Amino acid sequence: MMAEVRPAERVLFSPACERNKGPILAVLQDWLPPQARVLEIGSGSGQHASYFCQQRAGLLWQTSERPEALADLQAQLETVDPASLAPHSQLPAAIPLEVTCSEQWPRTIVDAVFSANTCHILPAAALPALCAGSARVLRPGGLLLLYGPFHDGGVHTAPSNAAFDDHLRSLDPAMGVRDALELQEQARGLGLEPMADVAMPAHNRLLVLERRP
Ligand SMILES: C[S@@+](CC[C@H](N)C(=O)[O-])C[C@H]1O[C@@H](n2cnc3c(N)ncnc32)[C@H](O)[C@@H]1O
């Protein structure tokens, strides 16, 4: 699931993004309002951002990354031909955003915050920061959209997710597949109401939470 860095070109490429970008867009089409302004957390290779802006008109997709990963993301975004974007869609320069650093969250209010495959990379203690930061930048009724693998009360939804969880924890005990129920409960306490839990290919899920008015 991690993006590869191709050293010669210094360009990131994630095969997983190529597989999941279509199914994710299909769900976003159901939930995003027209002319949506979206903040993405942990944009990685920028493949989701560029694909969504190429496929959907009227989308303003603000990518972001940890400061140390920002240059690689920006280099990738600069390979996107602006003429390939759908009408009235915009893909501005990436911004630095470390989720646990509240000063780095933008002041701009958005319709949605999107993040793919970050919850199992972030330490569990950083998830409340992700929810609280999202609640601050979302307009009332705006959506936090979290894509990735999750388990329910410690019960994995597939053996492959259990194996992935073990793999992550062997790399770094702070990483690991997160509990959807726990995350939804934390989010509720921070002003975000769980709205949907959409089953996605390869035992992933897309959690939808709404910023309460
Ligand atoms: C597995 S990659 C997913 C990248 C991309 N969203 C995707 O789906 O391919 C996890 C991403 O989270 C970012 N990340 C990790 N810790 C972060 C933090 N504390 N704040 C913001 N982003 C973080 C990493 O830099 C990386 O790009």
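Rules and cut-offs
Residues numbered from 1 in each chain as written. Predicted model: local features only at pLDDT ≥ 70, side-chain atom pairs only at ≥ 80, totals over all residues. Heavy atoms only, no water. Salt bridge = Lys/Arg side-chain N within 4 Å of Asp/Glu carboxyl O. Helix = DSSP H or I, 4+ residues; strand = E, 2+ residues; numbered from the N terminus. Buried < 20%, exposed > 50% of the residue type's maximum accessible area, 1.4 Å probe, protein only. Pairing = 2+ DSSP bridges. Axes fitted to C-alpha atoms, helices over the stretch in contact; angles between N-to-C directions. Contact = heavy atoms within 4.5 Å. Expected span 1.5 Å × (residues − 1). Bend = angle between axes of the 7 residues up to and from the residue. Core = buried A, V, L, I, M, F, W, Y, C linked by side-chain atoms within 4.5 Å. Near = heavy atom within 4 Å. Polar contact = N/O pair within 3.5 Å; in protein donor to acceptor, adjacent residues only side chain to side chain. Areas by Shrake-Rupley, 256 points an atom, 1.4 Å probe, with all protein chains shown as cover.

**Comments concerning the pattern of salt bridges**
Next up, step 1: Going through the model one piece at a time under the given rule, you end up with nine salt bridges.
Next up, step 2: Measuring nitrogen to oxygen at the nearest pair gives 2.9 Å for the salt bridge that ties Glu-18 to Lys-21. Linking Glu-18 with Lys-21, this pair stays in helix H1 (residues 15–31), spanning three residues, or about one helical turn.
Next up, step 3: Where Arg-139 meets Asp-111, a salt bridge forms, and the shortest distance between an N and an O atom there is 2.6 Å. Note that Arg-139 is positioned in strand S8 (residues 138–148) and Asp-111 in strand S7 (residues 110–116), a separation of 28 residues in sequence.
Next up, step 4: Here Arg-139 falls in the partly exposed class, since its relative accessible area comes to 29%.

**Structural notes on the sheet that holds strand S11 (residues 192–200)**
Next up, step 1: The strand order across the open sheet built from six strands is S4-S3-S7-S8-S12-S11, with neighbouring strands paired in mixed fashion. At either margin of the open sheet sits one strand with a lone partner, and together these are strand S4 (60–62) and S11. Averaged over all pairs of adjacent strands, the angle between their axes in this sheet comes to 20°, without regard to strand direction.
Next up, step 2: By the bridge criterion, three bridges tie strand S3 (residues 37–40) to S7 in an arrangement that is parallel. Counterpart to Val-38 in the pairing with S7 is Ala-112.
Next up, step 3: This element, helix H4 (residues 127–137), spans S3, S7, S8, S11 and strand S12 (204–211) of the sheet and lies at about 145° to S8.

**Observations concerning H1**
Next up, step 1: Under the 1.5 Å per step criterion, the end-to-end length of H1 is 25 Å for 17 residues, consistent within 8% with the ideal 24 Å.
Next up, step 2: Remark: the principal bend of H1, roughly 40°, maps to Lys-21, with a proline, Pro-23, within the next four residues.
Next up, step 3: Looking at H1, one finds that the buried residues are Ala-16, Cys-17, Asn-20, Lys-21, Ile-24, Leu-25, Val-27 and Leu-28.
Next up, step 4: Packing partners of the buried residues in H1 comprise helix H2 (47–55), S4, S7, S8, S11 and S12.

**Remarks on the nonpolar core**
Next up, step 1: Core analysis: the biggest nonpolar cluster contains 30 residues, and Phe-52, Trp-61, Phe-114 and Leu-145 have the highest contact counts within it.
Next up, step 2: Among the elements of the structure, H1, H2, helix H3 (70–77), S7, S8, S11 and S12 are those that each provide at least two residues to this core.
Next up, step 3: Each residue touching Trp-61, except ones within four places of it in the same chain, is listed here: Leu-28, Val-38, Glu-40, Ala-49, Phe-52, Cys-53, Gln-90, Leu-91, Pro-92 and Phe-114.
Next up, step 4: Core analysis: the second largest hydrophobic core is formed by 25 residues, Leu-127, Val-137, Phe-150 and Ala-180 among them.

**A few points about the site of the ligand**
Next up, step 1: Neighbouring residues of the ligand: 16 residues in total, closest Gly-42, Glu-65, Arg-66, Glu-98 and Ala-116.
Next up, step 2: The separation between a nitrogen atom of the ligand and a polar main-chain atom of Gly-42 is 2.8 Å.
Next up, step 3: The side chain of Arg-66 places a nitrogen or oxygen atom 3.0 Å from an oxygen atom of the ligand.
Next up, step 4: In isolation the ligand offers 590 Å² of accessible surface; the protein chains occlude 91% of this area.

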